[in-house]
Amino acid sequence: MERFLKNSIFLFIIIIALLLFLLIYRIFPFSVYWQQLFEYFEEVEVQEQEPAPIPPSKTQTRASLFMVGDALIHSAVYADADTGNGYDFRPMIEEVKKISKDYDLAFYNQETILGGSELGLSSYPRFNSPYEVGDAFVDAGFNLVSLANNHTLDRGETAILNSHRYWGKHPDVKTAGSFSSWDDFNQPNIGEVNGIRYAFFAYTDWTNGLTVPSGKEYLLNRYSNELAKQDIEAVRDRVDVVIVSMHFGDEYSLNVSSRQREIATYLASLGVDIVIGHHPHVVEPIEMIDDTLVIYSLGNFISAQRGVEKLTGMMFSLDIVKTTEDGVSKVTLENMKAGLVYTYSDTINGIRRNFKVYPYQNLTEELLPNHEMYYNKYMDLILQNVSNVERW
Ligand SMILES: [Zn+2]
């Protein structure tokens with residue numbers, strides 16, 4: 001009995017103590033400290049729990065792409081790059097490098113073959129350029145190079161093979177449109193950047209009347225609907241984005257030809273996402289054919305041609321955006337932006353010197369008088385058929 005009473009008193013004291021504690025906890029001003037103490041233990045508890053897996057319902061990744069047109073290396077340009085101990089073209093494009101180096105992908109068309117000095121350099125109409133031209137573009141971050149155009153065959157198979165040996169030393173650069181063998185031709189030209197898989201092709205609609213040696217058609221991708229269909233269908237389901245470089249159109253025409261529109265429409269029907277056009281030496285309007293971006297002509301990037309029209313080229317940039325939701329991926333082209341570049345040179349004792357490519361926004365009246373007027377003229381022309389492209 002005495003033991004039962006002792007236990008009851010003990011239980012009673014515990015209950016009173018507990019009630020007293022709760023009362024203090026509720027009303028005392030320092031209750032906040034208690035609360036913090038409780039929260040601390042709660043936090044520890046939460047941390048010890050296994051985190052609940054969050055289903056990744058939507059992911060997005062992007063790759064930036066920059067594009068410029070033809071590198072047309074006339075004798076005046078390579079003479080100006082002659083250092084007395086080889087050639088250095090890097091200063092000529094250093095203003096553009098400030099922009100191009102920051103892109104994941106950067107495209108240009110190597111219009112004149114890089115056959116190297118050992119073959120003897122040459123200018124219009126049968127060009128051959130030094131390897132150092134490529135060095136300058138690689139240094140500026142260019143890593144997508146079109147080798148298919150009307151000057152690819154200018155100095156024959158030897159120059160083409162030299163060019164492939166040169167580009168072969170730059171595994172970070174993807175070339176397209178010309179190959180050194182059937183084996184090379186049959187390799188699918190697929191790359192990956194930031195988790196975005198892309199295929200890159202290049203074709204020319206013109207060869208200046210030169211023919212590809214019989215049985216060696218791999219040396220130059222001459223455009224045909226059949227070849228494009230075969231190439232593109234082989235990769236369309238294996239990549240996120242298909243990029244096609246097209247050397248087409250009419251020289252010095254600011255208008256899109258019916259042939260250009262026909263080819264671009266066909267490429268769009270094959271599921272090509274971006275058509276990068278060049279050859280006319282001047283810029284042409286951009287169009288969207290359904291979801292396909294068609295840049296008909298980027299114009300010249302660097303050359304010794306004459307006249308503002310031919311010394312002005314386009315630079316274009318965009319983001320390739322891959323959105324994956326519930327295992328299904330789609331690609332959209334975003335942040336499209338067009339601008340202009342101008343190849344400056346001056347003439348000393350009848351010789352053109354100091355070639356340098358400037359983005360128009362860096363031009364002064366000294367470099368190109370009335371450059372604002374030219375900017376508006378060519379930008380209005382480029383953007384007349386699109387509303388989703390920003391001005392640089
Ligand atoms: Zn051309």
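The notes below deal with the structure included here. (Residues numbered from 1 in each chain as written. Predicted model: local features only at pLDDT ≥ 70, side-chain atom pairs only at ≥ 80, totals over all residues.)

## Regarding the overall build of the protein
Okay, so step 1: Across its full length, the protein carries 11 helices and 15 strands.
Okay, so step 2: The proportion of buried residues among the 392 residues of the protein is 41%.
Okay, so step 3: If you take every contact in the protein between residues at least 6 apart in sequence, the share linking residues at least 24 apart comes to 72%. (Helix = DSSP H or I, 4+ residues; strand = E, 2+ residues; numbered from the N terminus. Buried ≥ 20, exposed ≤ 12 C-beta atoms within 10 Å, placed from the backbone. Contact = placed C-beta atoms within 7 Å.)

## Remarks on the environment of glycine 177
Okay, so step 1: Tracing the backbone shows glycine 177 in the loop between strand S4 (174–176) and helix H7 (182–186).
Okay, so step 2: Of the residues examined, glycine 177 has 26 C-beta atoms within 10 Å and is grouped as buried.
Okay, so step 3: Glycine 177 sits 67 residues away from valine 244 along the chain, and the two C-alpha atoms are 9.7 Å apart.
Okay, so step 4: In this structure, glycine 177 is in contact with Ser146, Leu147, Ala148, Ala202, Tyr203, Thr204, Asn221 and Ser245, ignoring residues within four places of it in sequence.

## A short note on the pairing of strand S8 (residues 274–278)
Okay, so step 1: Most of S8 is tucked away, with five of its five residues classed as buried.
Okay, so step 2: Every second residue of S8 is oriented toward a common face, with Ile274, Ile276 and His278 on one face and Val275 and Gly277 on the other, all of them buried.
Okay, so step 3: In terms of strand pairing, S8 meets strand S10 (residues 292–295) through three bridges, oriented parallel. For valine 275, the partnering residue across the bridge sits in S10 and is valine 294. (Pairing = 2+ DSSP bridges.)

## A word on the nonpolar core
Okay, so step 1: Counting residues in each nonpolar core, the largest one holds 99 residues, and the members touching the most others are Met67, Val275, Ile276, Ile295, Ile302 and Val341.
Okay, so step 2: It is strand S6 (residues 196–204) that contributes the most residues to this core, seven residues altogether.
Okay, so step 3: Not counting chain neighbours up to four residues away, the residues in contact with isoleucine 295 comprise Met67, Val275, Ile276, Gly277, Ile286 and Phe316. (Core = buried A, V, L, I, M, F, W, Y, C linked by C-beta atoms within 7 Å.)

## A short note on the sheet that holds S8
Okay, so step 1: Pairing in this open sheet of six strands is mixed, and the strands run S5-S6-S7-S8-S10-S9 from one edge to the other. Looking at strand neighbours, the two that pair on one side only are strand S5 (190–193) and strand S9 (286–289), the edges of this open sheet. Averaged over all pairs of adjacent strands, the angle between their axes in this sheet comes to 20 degrees, without regard to strand direction.
Okay, so step 2: Along the sheet, helix H8 (residues 225–235) makes contact with S5, S6 and strand S7 (241–247), crossing S6 at roughly 175 degrees. (Axes fitted to C-alpha atoms, helices over the stretch in contact; angles between N-to-C directions.)

## Notes on unusual backbone geometry
Okay, so step 1: The step from tyrosine 124 to proline 125 runs through a cis peptide bond, and the omega angle for that step is 0 degrees.
Okay, so step 2: One can find proline 125 in the loop between strand S2 (105–109) and helix H5 (132–139).
Okay, so step 3: Phi angles above zero are rare outside glycine, and asparagine 194 is one such case at about 50 degrees.
Okay, so step 4: Among the secondary structure elements, asparagine 194 is positioned in the loop between S5 and S6.
Okay, so step 5: The exposed category is assigned to asparagine 194, around which 12 C-beta atoms lie within 10 Å.
Okay, so step 6: In this structure, histidine 279 is a non-glycine residue whose phi angle is positive, near 135 degrees.

## Here we look at the pairing of S5
Okay, so step 1: The pairing of S5 with S6 spans four bridges and is antiparallel. Within the sheet, the bridge partner assigned to isoleucine 190 lies in S6 and is alanine 199.
Okay, so step 2: Counted between consecutive antiparallel strands, the loop separating S5 from S6 contains two residues, among which asparagine 194 sits at a positive phi close to 50 degrees.

## Topic: helix H6 (residues 156–168)
Okay, so step 1: For H6, which comprises 13 residues, the first-to-last C-alpha distance of 19 Å matches the rise-based estimate of 18 Å (1.5 Å per residue) to within 8%.
Okay, so step 2: Tucked into the core, H6 has its buried residues touching H5 and S4. (Expected span 1.5 Å × (residues − 1).)

## Comments concerning the environment of isoleucine 243
Okay, so step 1: Mapped onto the elements of the fold, isoleucine 243 is located in strand S7.
Okay, so step 2: A C-alpha to C-alpha distance of 8.5 Å links isoleucine 243 and alanine 202, two positions 41 residues apart in sequence.
Okay, so step 3: Aside from chain neighbours lying at most four places away, what touches isoleucine 243 is Tyr198, Phe200, Asp273, Ile274 and Ile276.

## Thoughts on the environment of arginine 155
Okay, so step 1: Inspection of the secondary structure assignment puts arginine 155 in the loop between strand S3 (144–146) and H6.
Okay, so step 2: Owing to 22 C-beta atoms within 10 Å, arginine 155 belongs among the buried residues under this scheme.
Okay, so step 3: A C-alpha to C-alpha distance of 7.0 Å links arginine 155 and phenylalanine 127, two positions 28 residues apart in sequence.
Okay, so step 4: Excluding its chain neighbours within four sequence positions, the residues that come into contact with arginine 155 are Ile113, Gly115, Leu119, Arg126 and Asn128.

Taken by themselves, the reported measurements are silent on function.
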